Each structure stands twice: as C-alpha cells, then as structure tokens.
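Here is what each chain is made of, one letter per residue.
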Amino acid sequence: MIDSQQLAYAYQQGSLLRFDNVNVPQGGVLVLRGASGSGKSTWLALAAGLLAPSEGDITIAGQSVKALGKAAGDAWRARTIGFLPQKLHLSAALTVHDNLAMAQWAAGQPQDEKRIAEALAALGVQDLTRRKPAQLSGGQAQRVALARAVLLKPLVILADEPTASLDDDSAGAALALLQACAAREGATLVIATHDSRVLNGLEGEIITLPINNGHSLL
Ligand code: ADP
Ligand code: MG
C-alpha cells in the first residue's frame, strides 16, 4: 500500500536526500529510523504529497504522489492521510470538540457529531470535549491530536517523533495507543523517530527503513 521507488528530495540549496525503497502492506507498521536532520520529516512530507519528489516516486494506495496536482492533492490528502505532527498544532483558541469539527470543515466534510464523539471516545478523551488545549496535559493533547488525525478514517497514519520528550512509561503508552488506534481503524502506520525505544514499544511485525543521508546510523 506504500511503495517508494528511488525516492529523493532536495530542498533549494540543500543536498539531495535519498531514501531506500520500501514496500509496506495495508495495515502494516513502518518505522523510519534516523538521526536528527537525516530526512525523516521530509519522507513524511513526500508521502503526504506535501512535497513533490525531486527523483523517483512514492505510491500510496495506488496513487502516485508525483502525479498529484496541487488542488487534487489537498482532497486526496484529506481522504488518505492522518497526520500526527511533532508539534501537535491544536488551535489554542478552540475547544477540543471544535478542533475536531474544524478538521472536518477544512476537509470539506459535513460536520459529523457522531464521528467526533466516536473518535474522542476511542482515545479516552470524551470527557475533555469542552476544554481548550491549554487545559490538557501533554498526553491528553496527544490523544486529542490522534483523534483528529483519524477522524476522517485515513488509510495511513503518519506520526512524526511521537515519543519525543516523553519519559519511558509515557513513551510506551503513546506507542501502544498509536498501534491500537491504527489497528482499530485498519490504517497503515508510519512512525518517524530518532528514539531507539520505539522498536521495543511496538508489537508484531515491524518494517524498518533506516535513513542516513550522511548522518551516523542509530
Ligand atoms: P529529520 O526529520 O530526520 O530531523 P528533516 O527531514 O527535517 O530531518 O531534514 C532533513 C534535512 O533537510 C536537514 O538537513 C534539514 O536541515 C533540511 N531541511 C529540512 N527542512 C528544510 C527546509 N524547509 N528548507 C531547507 N532545508 C530543509
Ligand atoms: Mg523531523
């Protein structure tokens, strides 16, 4: 379901970042491992169709990201990709409920109260609906951001450094939550990380893509 071939990307005035080929089946788990600055977030942006490859291509559920136009890309991304960014980007002005409602609105979807309630309940944060992000703990905020990421039932969940700045117990809990959430939604899960604890925190068959680009391997 994820298939990358000869994928490479260069930022303006940056050197070419190259990525080994990888193939992940539907429902699989992929871990992108590499040091800071090696290109993990860039790979995620390529997979989400936010950046166009300089070379090669990546295909998600049969869709070549290279072939996506700008406008088509937004609609495709809303249907296909659930993104859990490193900085959660919850809107501070809005309640938990409204952060999710805004995600439906931004994707051009009708407001669906049943789905919002379902997504929050699945992550155990249904009692926090009326709170604003400043009134959430870090773990609660991450659960809300994950509820938002899976709200539109994406085929793929992309998580960028989900355990950064978490202690061992919280990191383990965050990974178990991510994996359970992806499994429940039937989504393929991609985790970008420089945290060596991640592989121990995941269960079952894990595909690993080392990313190097001149940085020492982890
Ligand atoms: P990682 O997520 O593994 O830390 P990134 O994908 O963020 O790595 O970055 C890979 C390389 O690309 C780094 O050298 C970084 O400085 C560079 N880079 C990232 N974003 C930009 C950008 N917007 N413009 C120029 N260079 C960038
Ligand atoms: Mg990064």
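Residues numbered from 1 in each chain as written. Chains lettered and ligands numbered in written order. Predicted model: local features only at pLDDT ≥ 70, side-chain atom pairs only at ≥ 80, totals over all residues. Heavy atoms only, no water.

Turning our attention to the overall build of the protein. On a plain count of helices and strands, the protein comes out with 7 helices and 10 strands. Rg of the C-alpha trace for the protein: 17 Å, near the compact-globule value of 17 Å for 218 residues, within the 12% margin. Here the C-alpha coordinates of the protein stretch approximately 45 × 40 × 35 Å along the principal axes. Evaluated residue by residue, the protein yields a buried proportion of 48% over its 218 residues. Taking the intrachain contacts of the protein between residues at least 6 apart in sequence as the baseline, contacts between residues at least 24 apart amount to 71%. (Helix = DSSP H or I, 4+ residues; strand = E, 2+ residues; numbered from the N terminus. Rg over C-alpha atoms; globule rule 2.2 N^0.38 Å. Buried < 20%, exposed > 50% of the residue type's maximum accessible area, 1.4 Å probe, protein only. Contact = heavy atoms within 4.5 Å.)

Take the site of ligand 1 next. In the vicinity of ligand 1, the residues found are Tyr11, Leu17, Ala35, Ser36, Gly37, Ser38, Gly39, Lys40, Ser41 and Thr42. Ser38 is positioned with one of its backbone polar atoms (N or O) 3.3 Å from an oxygen atom of ligand 1. For ligand 1, the protein covers 54% of the area, taking 570 Å² as the surface of the free molecule. Ranked by residue count, the leading element in the shell around ligand 1 is helix H1 (residues 40-47), at 3 residues. When its residues are assigned to classes, the shell around ligand 1 shows 3 nonpolar, 6 polar and 1 charged. (Near = heavy atom within 4 Å. Polar contact = N/O pair within 3.5 Å; in protein donor to acceptor, adjacent residues only side chain to side chain. Areas by Shrake-Rupley, 256 points an atom, 1.4 Å probe, with all protein chains shown as cover. Nonpolar A, V, L, I, M, F, W, Y, C, P; charged D, E, K, R; others polar.)

The next point concerns the pattern of salt bridges. Counting across every chain of the model gives 7 salt bridges. Arg197 serves as the salt-bridge partner of Asp168, at 2.6 Å between the closest nitrogen and oxygen. Separated by 29 residues along the polypeptide, Asp168 in helix H6 (residues 168-185) and Arg197 in the loop between strand E9 (188-193) and helix H7 (198-201) bring together distant segments of the chain. The exposed category is assigned to Asp168, whose relative accessible area is 56%. Residue classification places Arg197 among the partly exposed residues on the basis of a relative accessible area of 26%. (Salt bridge = Lys/Arg side-chain N within 4 Å of Asp/Glu carboxyl O.)

Attention now goes to unusual backbone geometry. One non-glycine residue with positive phi stands out, namely Lys153, at about 55 degrees. Position of Lys153 among the secondary structure elements: in the loop between helix H5 (138-150) and strand E8 (156-160). Residue Glu161 is not a glycine yet carries a positive backbone phi of 50 degrees. Judged by its relative accessible area of 8%, Glu161 is buried.

Moving on, we come to the sheet that holds strand E7 (residues 81-84). Ordered in space as E7-E8-E9-E4-E10, the 5 strands form an open sheet in which the pairing is parallel. In this open sheet, the two strands that pair with only one neighbour each are E7 and strand E10 (206-210). Strand-to-strand twist in this sheet, taken as the mean axis angle between neighbours without regard to direction, amounts to 20 degrees. The pairing of E7 with E8 spans 4 bridges and is classified as parallel. Looking at the pairing, Leu84 lines up with Ala159 of E8. Packing against the sheet, H5 makes contact with E7 and E8, and its axis sits at approximately 165 degrees to E7. (Pairing = 2+ DSSP bridges. Axes fitted to C-alpha atoms, helices over the stretch in contact; angles between N-to-C directions.)

Purely geometric numbers; function is a separate question.
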